[in-house]
Amino acid sequence: MDLSPPLRTALRILAIAIGLASGPAAAEKTLVAVAANFTAPAEDIAAAFAAASGHQAVLSYGATGQLFAQIMQGAPYEVFLAADAERPARALAEGLAVAGSGFTYAVGRLALYGREPGTATGPDSLHLGPGERIAIANPDLAPYGRAAIEVMQALDLEDRLRPTFVIGTTIAQAFQFVETGNTAIGFVALAQVIGRSEGNYWPVPASLHAPIRQDAVLLAAGKDNPAARVFLDFLRSEAAHKIIAAYGYDAAMAE
Amino acid sequence: MPALSPEIWSAIRLTVQLAALTTLILIIFGTPIAWWLARSPRWYKEVVGTLVALPLVLPPTVLGFYLLLALGPDGPGGLLAQSWGARTLAFTFEGLVIGSVIYSLPFVVQPIRNAFEAMGDRPLEVAATLRASPARAFWTVALPLARPGLLTGAVLGFAHTVGEFGVVLMIGGNIPGETKVLSVAIYDFVETLRWREANILAFGMVVFAFLVILSVTLLDRRLRRRAK
C-alpha cells in the first residue's frame, strides 16, 4: 500500500496515541458491579487501584437486587460489590461466583439525619412533635431500613413511631424526603451525610442494630482475569480500608 | 379466587377514590381549558396547550421531583399546609390528588379539545342565529356534541391515574390507607417476592386496562354513529 508521507505520519501518531491510551502492556480491565450506595468510595478505590496496579476497574452502578438479577441473566460483570450479604451468598450458592471468594468489604452505619439544626442530636430526637413523620427505607427491601427498625426496637420506640413512617423504596429516597424538608428527620446511611456541611446527624451506635454487612464476590466471568483478583485483594488492603472508613463505613471486620 | 387481604382491599379502595376524585376535578377544570384551547384566537394558546401536554412527555421522576419540592416546606404546598399546622402536603391523600391532576391533565383535556375542534363553528353559529346566548350555546349545543370527547377524557383520566406509579412513589411515602395505591402495592409485592399477591393484582390490572381500552373504543364508535 502506497500512502502519502503526511498520511503515514498521521497514522503513526494515531497508533502511538492508542498505545498510550491503553496503558502499559500488562494492564487489564475488570468489570465491577457496585451497589449504588457505595458509588463514591468505589470511584476513589478504583482510582487508587489503577495507580497501584496499572489495571483498570470499570464500575457499573445499580441497586443490589437489580445487579443480581442482571448477573443471573449472564451480565459480564467480574466482581460484585453488593449492599448486603444475602445476594453474594446466593451468587455463591448458585454457582455464579467463585467458591471461597466472598468477604465483607464494608459494614454500613446508620445515621439519624435532620435538615434543620438541632433536629437530629441523639435518641431524644426520635420523640416527634404532633403530626411529624419520620423517613426510613423500606425495611422489607433495604438493609438500612431493617436496621432502622431494629434501632427503634432497641430504644422501645417502634410502636410509637410506626404510624409516623414515611417509607422510601431505597435509602436514597429516605434521604430525599428529609433533604427536601418533607420530613424533619429520617434514618439514612451515615455515608450519605458524613461529608455534608449542612444539616445535622446522629451517628447511630452500631450496637443498636445487627451489622449491615456489605459483601464482595469474584463472579464466574472474572475467574480467569488476574485484574479481577487483584482488585479484590486491593479492596482488602490498608489503602482501601482508609477510603472506606473516610466515607462513613466501618471497614471490613477481620476474617 | 383466593381471598384478598385487608391490605390489598385498602389499596384498591384508595386507588379508586384517587382516580375518581382526580377525574372529577379534571372534568370540571379541564373542560373550560379545552374549550379555550379549541376556540381562542390568541396567539399564545399553543404555548398553554404545550404546557398542558408536557406531562405526556416528562418522565414521572421529573414531575415527582418537582412535586416533592413544591409540596414541601420550601414550596407553595408547604405554605398551605402550615395554615393547619402541618409540615408538607407530601405523604397525604390530598398531595396525591394534586400530583394526579397534573399527571393526568393532558389525557382529559386533549380528547375534549379535539371534540370541540371537530364540531367546527357551524353549530354555534346556528345557535347564535337562533338567539342563543354564548353560555346557553355552550351548555345546550357544544357540550352535548362533545360528549364522546368528554367520555373518552374521563375514562382515560381515570385509567391513567389508576396506572400512575412514578409520581406516587416519589411523593407518597408508601403509607397504608393514605398513599399506598395499587401500583405501589404491586411493586412492593414483586420486590419482596410475594409473587402470589403480585400476580393477582397485576393480572387484575391487565384485565382492567383491556376493558378500559375496549370500552373506550366501542363507546366512541357508538357515539360517533349516533351523532351522524
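These figures come from a predicted structure and were not determined experimentally.

### Brief notes about the sheet that holds strand S8 (residues 185–189) of chain A
Residue and element names in this part refer to chain A.
Inference 1: Reading across from one edge, S7-S6-S8-S5-S9 is the order of the 5 strands in this open sheet, with mixed pairing throughout. Either end of the sheet is taken by a strand with one partner, and the two such strands are strand S7 (165–168) and strand S9 (200–203). If you compare each strand with its neighbour and ignore which way they point, the axes differ by 30 degrees on average.
Inference 2: Where strand S5 (residues 110–114) lies against S9, 4 bridges are found, and the strand directions are antiparallel. Counterpart to leucine 112 in the pairing with S9 is tryptophan 202.
Inference 3: The strands touched by helix H7 (residues 171–179) are S5, strand S6 (134–137), S7 and S8; relative to S8, the strand with the most contacts, the crossing angle is about 145 degrees.

### Structural notes on the pattern of salt bridges
Inference 1: Tallied over the full model, the rule gives 19 salt bridges over all chains.
Inference 2: Between Arg87(A) and Asp84(A) there is a salt bridge, and its shortest N-O distance comes to 2.9 Å.
Inference 3: Since its relative accessible area comes to 7%, Asp84(A) is described here as buried.
Inference 4: The closest approach of N and O atoms between Arg39(B) and Asp121(B), which form a salt bridge, is 3.1 Å. With Arg39(B) in helix H1 (residues 6–39) and Asp121(B) in the loop between helix H5 (93–119) and helix H6 (122–129), this residue pair connects regions lying 82 residues apart in the sequence.
Inference 5: Note on Arg39(B): relative accessible area 30%, which makes it partly exposed.
Inference 6: Assessed through its relative accessible area of 44%, Asp121(B) is described here as partly exposed.

### Overview of helix H7 (residues 134–145) of chain B
All names here are of chain B.
Inference 1: For H7, the full list of buried residues reads Ala137, Phe138, Ala142 and Leu143. Each buried residue of H7 lies within a common arc of 150 degrees when the element is viewed along its axis, so the set occupies one face. Those residues of H7 that are exposed and angled more than 90 degrees off the buried face are Arg136 and Trp139.

### What about the domain arrangement of chain A?
Residues and elements named next belong to chain A.
Inference 1: Domain parsing of chain A yields domain 1 (5–107 + 212–251) and domain 2 (110–203).
Inference 2: Distance between the C-alpha centres of domain 1 and domain 2: 31 Å.
Inference 3: Facing the 10 residues of domain 1 at the interface are 7 residues of domain 2.
Inference 4: Interface area for domain 1 against domain 2, summed over the two sides, is near 680 Å², with a carbon-plus-sulfur share of 66%.
Inference 5: A salt bridge links glutamate 86 to arginine 146, with the shortest nitrogen-to-oxygen separation between them at 3.9 Å.
Inference 6: For the pair domain 1 and domain 2, the number of links is 0 residue pairs in polar contact (both at pLDDT 80 or more).
Inference 7: When the residues that make up the side of domain 1 that touches domain 2 are grouped by side-chain class, the tally is 5 nonpolar, 3 polar and 2 charged.

### Quick look at the sheet that holds strand S1 (residues 29–35) of chain A
Residue and element names in this part refer to chain A.
Inference 1: As summarised here, the arrangement of the 6 strands in space is S2-S1-S3-S10-S4-S11, forming an open sheet in which the pairing is mixed. Here the strands that pair on one side only, and so sit at the sheet edges, are strand S2 (56–62) and strand S11 (250–251).
Inference 2: Sheet analysis places S1 next to S2, joined by 7 bridges and oriented parallel. For valine 34, the partnering residue across the bridge sits in S2 and is tyrosine 61.
Inference 3: Across the sheet, helix H2 (residues 39–53) lies against S1 and S2, angled at about 170 degrees from S2, the strand it touches most.

### Observations regarding the UniProt feature "transmembrane region" (unreviewed entry) in chain B
Residues and elements named next belong to chain B.
Inference 1: As recorded in UniProt, the feature "transmembrane region" (unreviewed entry) lies at residues 12–35, 47–69, 89–109, 150–172 and 200–219.
Inference 2: Secondary structure over residues 47–69 splits into 91% helix and 0% strand, and the C-alpha atoms at its two ends are 24 Å apart.
Inference 3: Between the first and last C-alpha atoms of residues 150–172 the distance is 29 Å; the span itself is 87% helix and 0% strand.

### Considering the UniProt feature "domain: ABC transmembrane type-1" (unreviewed entry) in chain B
Inference 1: This chain's UniProt record puts "domain: ABC transmembrane type-1" (unreviewed entry) on residues 12–218 of chain B.
Inference 2: Secondary structure content for residues 12–218 of chain B is 79% helix and 0% strand, while the C-alpha to C-alpha distance between its ends is 26 Å.

### What about the packing of aromatic side chains?
Inference 1: Here the structure, examined in full by the defined rule, presents 14 aromatic pairs over all chains.
Inference 2: Ring geometry for Phe49(A) and Phe231(A): centres 5.0 Å apart, planes at 90 degrees, overall edge-to-face. Taken together, the residues Phe49(A) in helix H2 and Phe231(A) in helix H9 (residues 226–235) connect sequence positions 182 residues apart. Each member of the pair, Phe49(A) as well as Phe231(A), is classed as buried.
Inference 3: Judged by centre distance (6.2 Å) and plane angle (45 degrees), the rings of Phe116(B) and Phe138(B) are tilted. Separated by 22 residues along the polypeptide, Phe116(B) in helix H5 and Phe138(B) in helix H7 bring together distant segments of the chain.
Inference 4: What makes Phe116(B) buried here is its relative accessible area of 1%.
Inference 5: Ring-pair connections join several aromatic residues into one group, and the members of that group are Trp35(B), Phe116(B), Phe138(B) and Trp139(B).
Inference 6: The residue whose ring lies beneath Arg236(A) is Phe103(A), and the NZ or CZ to ring-centre distance is 4.0 Å.
Inference 7: Across from the ring centre of Trp35(B), 5.5 Å away, lies the NZ or CZ of Arg39(B), which sits over that ring.

Procedures and definitions
Residues numbered from 1 in each chain as written. Chains lettered and ligands numbered in written order. Predicted model: local features only at pLDDT ≥ 70, side-chain atom pairs only at ≥ 80, totals over all residues. Heavy atoms only, no water. Pairing = 2+ DSSP bridges. Helix = DSSP H or I, 4+ residues; strand = E, 2+ residues; numbered from the N terminus. Axes fitted to C-alpha atoms, helices over the stretch in contact; angles between N-to-C directions. Contact = heavy atoms within 4.5 Å. Salt bridge = Lys/Arg side-chain N within 4 Å of Asp/Glu carboxyl O. Buried < 20%, exposed > 50% of the residue type's maximum accessible area, 1.4 Å probe, protein only. Arc of directions from axis to C-beta. Domains from an automatic or database assignment. Buried area = accessible area lost by both parts, 1.4 Å probe. Polar contact = N/O pair within 3.5 Å; in protein donor to acceptor, adjacent residues only side chain to side chain. Nonpolar A, V, L, I, M, F, W, Y, C, P; charged D, E, K, R; others polar. UniProt positions renumbered as here; feature names shortened; annotations may be inferred. Phe/Tyr/Trp six-rings, centres within 6.5 Å; stacked < 30°, edge-to-face > 60°. Lys NZ or Arg CZ within 6 Å of the ring centre and 35° of its normal.

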